[in-house]
Every structure is written in structure tokens, then in C-alpha cells.
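Listed below, chain by chain, are the residues.
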Amino acid sequence: MKKCSVLTILLVNLLALFAFVAPAGAAGNRIVFSSDRTGTQEIFTMDEDGSNITQATSLGATSSLASWIPSSSSILFRSNSTGNYDLFTVNSDGTGLTNRTNSPGDESGSLASPNGSHVAYLRDDGGGTFSLNVLNLSDNTTSLVNAGFTGFWWLSETELVIYENQGSGWELYRMNTDGTGKTPLTNDTGNSFFATVSPDGQRIAYFYSDVLGSELRVMDSDGTNQATLTPISDSGISSTVGLPMWSPDSTKLLFLFNDTGSTNPLMRIAVDGSGLNTLGSITGSGLWGPTGENIWYSQPVSGFTELFTADTTGNNAVNLTNSGANNEIFLSAFVFQSGLNDPDPETPPATSIPSKPPVATLAASGTSLATATGSLLILGSILGLRARRTRYFIR
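Residues numbered from 1 in each chain as written. Predicted model: local features only at pLDDT ≥ 70, side-chain atom pairs only at ≥ 80, totals over all residues. Heavy atoms only, no water.

As a further point, take the environment of Ser64. Tracing the backbone shows Ser64 in strand β5 (residues 63–68). The exposure class of Ser64 is buried, given its relative accessible area of 4%. Remark: the alpha-carbon pair of Ser64 and Ser34, spanning 30 residues in sequence, is separated by 5.5 Å. Those residues in contact with Ser64 that sit more than four places away from it in its chain are Ser34, Gln41, Ile43, Phe77, Arg78 and Glu328. (Helix = DSSP H or I, 4+ residues; strand = E, 2+ residues; numbered from the N terminus. Buried < 20%, exposed > 50% of the residue type's maximum accessible area, 1.4 Å probe, protein only. Contact = heavy atoms within 4.5 Å.)

Where side chains of opposite charge bring their charged atoms close, a pairing between them can arise. Here the structure, examined in full by the defined rule, presents eight salt bridges. Residues Arg217 and Asp188 are paired through a salt bridge, measuring 3.7 Å at the closest nitrogen-oxygen approach. Linking Arg217 in strand β19 (residues 213–220) with Asp188 in the loop between β16 (183–184) and β17 (191–197), this pair joins segments that are 29 residues apart in sequence. We classify Arg217 as buried; its relative accessible area is 13%. In this structure, Arg203 and Asp220 form a salt bridge, with 3.6 Å as the shortest nitrogen-oxygen distance. In this pair, Arg203 is assigned in strand β18 (residues 203–210) and Asp220 in strand β19, connecting sequence segments 17 residues apart. The partly exposed category is assigned to Arg203, whose relative accessible area is 21%. Three or more residues joined by partner-sharing salt bridges are found here, namely Asp188, Glu215 and Arg217. (Salt bridge = Lys/Arg side-chain N within 4 Å of Asp/Glu carboxyl O.)

Within the structure shown, the criterion is met by eight aromatic pairs. Summarising the aromatic geometry, the rings of Phe149 and Trp170 are spaced 6.4 Å apart at their centres and angled 80 degrees between planes, so their arrangement reads as edge-to-face. Here Trp170 lies in strand β15 (residues 170–176) and Phe149 lies in the loop between β12 (141–147) and β13 (151–156), a separation of 21 residues in the sequence. Each member of the pair, Phe149 together with Trp170, is buried. Through successive ring pairs, a cluster of aromatic residues spans Phe130, Phe149 and Trp170. The aromatic ring of Phe44 is capped on one face by Arg37, whose charged end is 5.3 Å from the ring centroid. Geometry around Tyr173 places Lys182 over its ring, the cationic atom sitting 5.0 Å from the centre. (Phe/Tyr/Trp six-rings, centres within 6.5 Å; stacked < 30°, edge-to-face > 60°. Lys NZ or Arg CZ within 6 Å of the ring centre and 35° of its normal.)

Another point: the nonpolar core. Membership of the largest hydrophobic core comes to 54 residues, with the highest contact counts inside it found for Tyr163, Ile204, Leu253, Leu287, Ile295, Trp296 and Ile329. Listed in part, the 19 residues of the second largest apolar core include Phe77, Leu87, Val90 and Ala112. (Core = buried A, V, L, I, M, F, W, Y, C linked by side-chain atoms within 4.5 Å.)

Before going further, it helps to examine the sheet that holds strand β9 (residues 107–112). In space, the four strands of this open sheet follow the order β9-β10-β11-β12, with antiparallel pairing throughout. Of all the strands in the sheet, the pair left with one neighbour each is β9 and β12. This sheet shows a mean twist of 25 degrees between the axes of neighbouring strands, independent of strand direction. (Pairing = 2+ DSSP bridges. Axes fitted to C-alpha atoms, helices over the stretch in contact; angles between N-to-C directions.)

A few words now on unusual backbone geometry. The phi angle at Asn102 is positive, at roughly 45 degrees, despite the residue not being glycine. In this structure, Asn102 sits in the loop between β8 (98–99) and β9. On the accessibility criterion, Asn102 (58% relative accessible area) is exposed.

Turning our eyes to something else, we now look at the sheet that holds strand β20 (residues 227–228). As summarised here, the arrangement of the four strands in space is β17-β18-β19-β20, forming an open sheet in which the pairing is antiparallel. Two strands bound the open sheet, and with one partner strand each, they are β17 and β20. Summarising the sheet, β19 and β20 pair through two bridges and their orientation is antiparallel. When the sheet's bridge partners are listed, Val218 is paired in β20 with Ala227.

What follows is the structure, encoded as C-alpha cells:
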């Protein structure tokens with residue numbers, strides 16, 4: 001029997017997300033994030049240097065997991081202002097607030113498609129059941145893509161890479177957004193999950209785990225040319241965790257690993273397996289800036305979580321929020337208005353699934369830069385490794 005602790009995405013949350021082109025007509029590199037600096041967690045935007053902070057919501061509730069909708073100045077986020085978590089859109093100036101789902105269940109891990117016409121998201125249907133759905137933003141209609149707890153990432157405007165556990169472990173698939181054409185990409189003895197697609201749409205990065213540990217792998221988008229970047233046996237990295245985040249030029253990845261202490265450093269590696277480096281003293285998940293010349297991450301400061309930027313070696317860090325509050329970036333493809341990055345989940349109930357040794361059973365399509373360090377540790381514990389904290393958000 002395999003005991004499975006499952007994390008819901010959040011965009012997913014994961015990982016997240018998405019697409020692979022910069023939104024047309026976006027002005028500047030405005031960053032969208034959430035913060036509790038006003039007392040409740042609201043949505044804000046700011047310039048890349050931390051200036052010109054603008055508040056987009058004032059809902060007096062928990063609003064988070066925010067990302068830009070491509071080719072627009074609209075923001076996609078979730079909020080429990082109605083009592084449960086619904087998906088909303090709002091213009092960056094605070095106008096046009098719209099409840100997009102307005103359902104009795106909780107929605108999470110929402111991610112806009114590459115051209116911004118659709119949103120994929122995970123819904124809690126109650127009774128321990130979940131479903132992956134796609135929302136058409138033009139008419140607000142929703143269609144079922146896949147039943148069950150499903151992690152995902154956009155591959156194209158009409159196709160997703162998903163990962164799900166059908167009873168024997170987590171595997172990756174390609175699937176059309178209308179629910180057809182489900183094609184296996186992996187068929188391993190362990191578990192394959194937390195997949196993200198390169199900005200050029202040609203490759204997929206993901207984590208594989210078995211009873212010995214976990215490793216970072218890449219493959220072509222059709223499932224061929226699978227390669228291991230951090231082998232369990234010889235890399236010295238016994239537990240890779242979190243969503244792997246692609247650089248804008250599709251040549252490098254950021255990822256966390258669960259070490260034997262409690263630091264969980266952020267690391268960088270090229271897609272050919274070269275250049276494995278620890279990035280300074282960063283101990284939480286990170287994402288690439290829109291030009292690939294810097295990285296964004298969060299760190300605790302005096303009991304709060306602030307957002308930082310640093311160069312690609314992890315040095316020359318700058319505290320951008322410096323707010324004495326908790327700040328969160330959703331690891332999605334559209335954190336930067338005119339750039340791209342990557343997708344989180346929440347925590348559904350643990351279940352027991354037969355077959356395969358105790359390993360991970362997570363799904364993510366987005367991940368918040370809020371409590372990422374701890375959250376990624378959850379992944380480690382799920383993988384049967386040494387994890388110490390639990391939460392998959394990056395504050």
C-alpha cells in the first residue's frame with residue numbers, strides 16, 4: 001500500500017503555469033502579488049524595482065494566487081470573499097471585478113491559456129473528489145477536462161500537460177482541453193509529477209521519485225528523449241522538490257532540493273545537466289525575471305515574508321517589498337505583465353493508494369512564492385524523504 005498525502009494546486013499552482021509568449025501590448029514589467037499589508041490579503045501590482053505599488057482589490061478577505069491574463073491588463077486570482085474560494089478577474093486599476101466561477105466548491109491553481117482566452121483550474125467537487133476544468137473567459141462557460149485530482153500546465157492554446165494518479169502512481173499525459181486525446185508521456189515504476197513546459201513549448205521538466213529519492217528530469221513535449229538531470233545515485237541531491245521553473249530562453253531550470261539540514265537551497269541547472277549550482281543563501285522557491293538576468297524569491301525578515309530579487313548567482317539581493325508584512329507571488333507563467341515564468345495547490349485529504357513504494361502523490365499547476373520553503377518540504381515527506389515543514393506557498 002502506498003500512503004499518499006496530496007497537495008491541491010494552486011497554481012497551483014501550481015506549477016503553474018503557463019504559457020510561453022509575452023502578452024502583446026503589455027506596458028512595462030509590472031509584477032502582480034498579494035500582501036496582507038492592509039490587514040487582509042489583497043492583490044497588488046508594482047514595477048520590477050518595487051516602486052509604484054498599486055492596490056487592485058479591497059475585498060477584506062483572503063485574495064491570492066494572482067497572475068496576469070495575457071494580452072490584457074486584467075488579473076486572475078482567487079478569493080474567499082464569498083465564503084468559499086472562487087476565481088475572480090479584476091483590472092489592474094481595481095475596476096471590473098468579476099466572480100468567474102461563483103460555485104459552492106473551492107477553486108484553485110488557476111492558469112490562463114497562452115492567448116488569455118481560457119483559464120484552466122482545479123475544483124473541489126466535495127466528498128473528496130476533484131476535477132480539472134477549463135473556463136471560457138468570453139462567455140464564462142466551464143467544461144470538464146479531467147475527473148480526479150489533476151496537476152497541469154498549458155502546452156498550447158488547446159492542449160495541456162497533466163499529471164494524475166490512476167491508482168498505481170503519478171504519470172504525465174498530454175490532453176486536449178475538450179477532454180479528448182489523452183496520451184501517456186511517462187510509464188515509470190515510480191511517480192512522475194510537477195511538470196512545467198519550457199517557454200518555447202518544446203520541452204517538459206518534471207520530477208520523478210521512487211523509494212530511493214527524487215530527481216529532476218526533462219523530455220521533449222511528445223515524451224521522447226527523456227533525460228535525468230540530477231540522478232538519485234550520484235548527484236548528492238536526494239530529494240528534489242517543488243515546481244521546476246524554466247528560464248525565459250528555455251535553457252536553464254530553477255528548483256529546490258530537500259537537504260539533510262533545514263535550509264532547502266534554491267539551485268540552478270542547465271537542461272543538458274551542466275552547471276549545477278546553489279544560488280547564494282536563498283532557501284525558498286524562485287522564478288526567473290522576464291529577461292532571465294535576475295531571479296525572484298521570498299525570504300523571512302523579522303517574522304514577515306518579503307519579496308527579493310537577486311542576480312542569477314543568488315547574490316546582490318534587494319528587498320523589493322520591505323513592508324513589514326507577508327507578501328506572496330504565485331509561481332505562474334504570468335507573474336510579470338509583459339514576461340513569463342511559471343504554476344499551486346492546496347491540501348486535499350490524504351488517501352491510501354495501492355501499489356508502488358511510498359512516494360509523492362502531489363499535483364500542482366501553480367505555486368505561490370509565499371511559504372514555498374515549507375511547502376516544498378511537504379513534497380519531501382510525501383516522497384518518503386526527510387521533510388520538516390508543510391505548505392506550498394512562497395510568502
